[in-house]
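Coordinate analysis (summary)
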Amino acid sequence: MCGIVGAVSQRDIVPTLIEGLRRLEYRGYDSCGVAVHRDGAPRRARSMARVNALARTAADMQLEGLTGIAHTRWATHGLPAMQNAHPIFSRELIAVVHNGIIENHEPLRTMLIGRGYEFVSQTDTEVVAHLIHAFYHGDLLAAVRAATALLHGSYAIAVFSNDEPQRMVGARQGSPLVVGIGAEESFLASDVLALEGSTDRFIFLEDGDSADLTPSGVRICDRDGNHVRRPERSVVQPRAEGSLGEYRHYMQKEIFEQPDAVAQTIAEAEPLSTLLFKARSRDAFDAIDNVLLLGCGTSHYSGQVAKHWFESIARLPVQVEIASEYRYRQPVESSRTLVVVISQSGETADTLAALKHAQALGHEHTLAICNVAASAMMRATKWSFLTKAGREIGVASTKAFTTQLAALFVLAATLGRIRGVVTAEQEARYRLQLDELPAALRAVLALEPQVIAWANELAMCEHVLFLGRGPHLAIALEGALKLKEISYIHAEAFPAGELKHGPLALVTSAMPVVVCAPNDGLVDKLKSNMEEVRARGGRLYVIADVGTHIEPGESMSVIELPPYFGPLSSLLHVLPLQLLAYHAACIRGTDVDKPRNLAKSVTVD
Ligand code: G6P
């Protein structure tokens, strides 16, 4: 998703801007660019390739300057193309980078064309650049405020005017933007990661804010134009991702980091305590009588797994909602709901909007389960649980998912304890299972060679079905999501019981069916579903716990996992599916860590 870096300094900032873009690469992008103030007219370099190529172009052009903005673009309006890459200029005076979507760009474009502005891109951002130009009379902040007042939709922008060499202005509404404060230099960025090594002092802008930056500092005004002081925070950046070491891709590395990431995430869960979720949650946790889980993509699937835990362990009614749907609904609400937003990045636009929607509907009890301490969601909720996955680089989420599951399990057990439905004995058993989890995850990862053999067969297919039941339905959904997003094989998952209501029509000898078969109370039902597939000539690939007695045979391949791992079984079952997607993608030669069209941090609606 689009990433912004900007700097105003007294030294050449091009290397800093390029380095910032490198740090934002993980978000996903299709083009990138950098522009600097120069006497006469701004200069820019843009690239349809990676940031490294942009760096080479900038070096060839001897691009340097004291004030500049840079961008990684994830196309929303206009194809990925050089003329659509940011920074976007207006009349060689105003330079803009933008993250977000301007919903009223069409009428604004018509109005600006009427005023003689010529459009050279298909972007909605060019409207912003020309609008600022139209309002510019020597005061960039005034022009930005006047222009943004006309915008509908979401934006984070960084802007400079070539007439004001040591000034940069930022503004945000709906999309993230952070100010970095350095020594005799000031920065703007989409997230704090972009400025690692440049500063650890940050101000998180609020919706409606504009920031006026010079090398000596920043002045912020709110939506009404009042000067405001936003708190400055010191942010200790998480450990850099380090080298790939023995791994070919970050996704592979992150899959194998899961035992440690889960261990670190649950390390503080001793004993299961409300303190985990920050002080004073005890009273509120006492008061709640149902749970609402909100998330997108993989984070939504972790909510779907956790639903089973909140019901069976904490005996609480649960709703799991896709954030992009919930945010537009008018549900019947209860004041005794614990609203849990689940997010790796803590910046996903739909999840943030769903949280705000819930808050606007009167929900007070909000909790974030998130992997980025300095994220918007962690700031916007009353309570939080920081997962300890470390930085996740691969666009396809893996270790964030399993650490979210670990955190959600701890939350369910904690609520169960508070509500008196989890006995001390059960709590001790859960604790033991959590302790044994990292070793069990390692044992499953050791099965990689068998998964590679499956990947060799499935990589040749165009369609794959996944089946599961209970919590493992969400694992099947996650397995299908992983496969489609990185290998581009069409994959769908269904509750196994629904097979006969439709998907069975798709089953032929050319349709592989992957099944999650834990040795739980539903395994006999699942076996019947598998027979339905076999009877239609379908090929089964079954991930089965030891003890299910599912034997390999004609059209039936089985990978045997350790014995059933109780409520935490879903964490074990997802690992072979992650590896399957990963190896199928490698065989098909896709860009595993940066799959086409996808972004890591989805900061637009
Ligand atoms: C994108 C990522 C997914 C992620 C989803 C939600 O689609 O590619 O991996 O699951 O966003 O992101 P979040 O940061 O909120 O977990």
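Predicted model, so just to flag it, every value in this text is computed and none were measured. (Residues numbered from 1 in each chain as written. Predicted model: local features only at pLDDT ≥ 70, side-chain atom pairs only at ≥ 80, totals over all residues. Heavy atoms only, no water.)

**Examining the environment of Leu 24**
- Looking at the secondary structure, you find Leu 24 in helix H1 (residues 14-24).
- Linking Leu 24 and Leu 193, residues 169 residues apart in sequence, is a C-alpha distance of 7.3 Å.
- Those residues within four positions of Leu 24 in sequence are excluded, and the remaining contacts are Gly 3, Ile 4, Val 5, Thr 72, Asp 191 and Ala 194. (Helix = DSSP H or I, 4+ residues; strand = E, 2+ residues; numbered from the N terminus. Contact = heavy atoms within 4.5 Å.)

**Quick look at the side chain of Arg 391**
- As for its placement among the helices and strands, Arg 391 is situated in the loop between strand E20 (383-386) and helix H13 (399-418).
- Overall, the relative accessible area of 14% leaves Arg 391 in the buried class.
- Within polar-contact distance, the side chain of Arg 391 engages the side chain of Glu 196 at 3.2 Å. (Buried < 20%, exposed > 50% of the residue type's maximum accessible area, 1.4 Å probe, protein only. Polar contact = N/O pair within 3.5 Å; in protein donor to acceptor, adjacent residues only side chain to side chain.)

**Details of the sheet that holds strand E22 (residues 490-495)**
- What the five strands build is an open sheet, ordered E22-E21-E23-E24-E25; its pairing is parallel. Of all strands in the sheet, those with a lone pairing partner are E22 and strand E25 (556-561), marking the two edges. The mean inter-strand angle of the sheet, taken between neighbouring strand axes irrespective of direction, is 20 degrees.
- Here strand E24 (residues 539-545) runs beside E25; their pairing, made up of six bridges, is parallel. What sits directly across from Tyr 541, in E25, is Ser 557.
- Sheet strands in contact with helix H16 (residues 471-487) are strand E21 (463-468), E22 and strand E23 (512-517), and its direction is about 175 degrees off that of E22. (Pairing = 2+ DSSP bridges. Axes fitted to C-alpha atoms, helices over the stretch in contact; angles between N-to-C directions.)

**A closer look at the pattern of salt bridges**
- Inspection of every chain in the model, using the stated rule, returns 30 salt bridges.
- The partner of Lys 253 in a salt bridge is Glu 257, and the shortest N-O contact between them spans 3.3 Å. (Salt bridge = Lys/Arg side-chain N within 4 Å of Asp/Glu carboxyl O.)

**Brief notes about the site of the ligand**
- For the ligand, the set of nearby residues contains 13 residues, the closest of which are Ser 299, Ser 343, Gln 344, Ser 345 and Thr 348.
- Between the ligand and Ser 299 there is a distance of 2.5 Å, counted from an oxygen atom to a side-chain nitrogen or oxygen.
- Here an oxygen atom of the ligand and a side-chain polar atom of Ser 343 are 2.6 Å apart.
- In the complex, 89% of the free accessible area of the ligand, which totals 390 Å², lies under the protein chains.
- Residue contributions to the shell around the ligand peak at three residues, all from helix H9 (residues 297-312). (Near = heavy atom within 4 Å. Areas by Shrake-Rupley, 256 points an atom, 1.4 Å probe, with all protein chains shown as cover.)

**Describing the domain arrangement of the chain**
- For the chain, the assigned domains read domain 1 (2-234), domain 2 (250-445) and domain 3 (448-588).
- Between domain 2 and domain 3, the residue contacts involve 31 residues of the former and 26 residues of the latter.
- Taken together, both faces of the contact between domain 2 and domain 3 bury some 2500 Å²; the carbon and sulfur share is 77%.
- If you sort the residues of domain 2 by the area they bury against domain 3, Met 251, Tyr 301 and Val 444 come out on top, with a joint share of 22%.
- At the boundary of domain 2 with domain 3, the tally comes to zero salt bridges. (Domains from an automatic or database assignment. Buried area = accessible area lost by both parts, 1.4 Å probe.)

**Quick notes on the environment of Gln 258**
- Considering the arrangement of structural elements, one finds Gln 258 in helix H7 (residues 258-267).
- For Gln 258, a relative accessible area of 0% corresponds to the buried category.
- Sequence separation of Gln 258 and Ser 509 is 251 residues, and the distance between their C-alpha atoms is 35 Å.
- Those residues in contact with Gln 258, other than ones at most four positions away along the chain, are Thr 398, Lys 399, Thr 402, Leu 441, Leu 575 and Gln 578.

**Here's the deal with unusual backbone geometry**
- Between His 86 and Pro 87 the backbone carries a cis peptide bond, its omega angle lying at 0 degrees.
- Positionally, Pro 87 belongs in the loop between strand E4 (67-73) and strand E5 (88-90).
- Its identity as a non-glycine residue notwithstanding, Ser 555 has a phi of 60 degrees, on the positive side.
- Mapped onto the fold, Ser 555 is located in the loop between E24 and E25.

**Looking at the sheet that holds strand E3 (residues 43-47)**
- Taken in spatial order, the eight strands make up an open sheet running E3-E2-E4-E1-E10-E9-E11-E15, and their pairing is antiparallel. Strands at the two margins of the open sheet, each flanked by one partner only, are E3 and strand E15 (232-234). Across the sheet, the mean angle from the axis of one strand to that of its neighbour is 20 degrees, orientation sign disregarded.
- Bridge analysis of strand E1 (residues 3-8) against strand E10 (residues 186-189) gives four bridges, and the strand direction is antiparallel. Looking across to E10, one finds that Gly 6 is bridged to Leu 188.
- Contacting E1, strand E2 (31-36), E4 and E10, H1 runs over the sheet at an angle of about 160 degrees to E1.
- Relative to E3, helix H2 (residues 51-60) is tilted by about 145 degrees, and along the sheet it contacts E2, E3 and E4.

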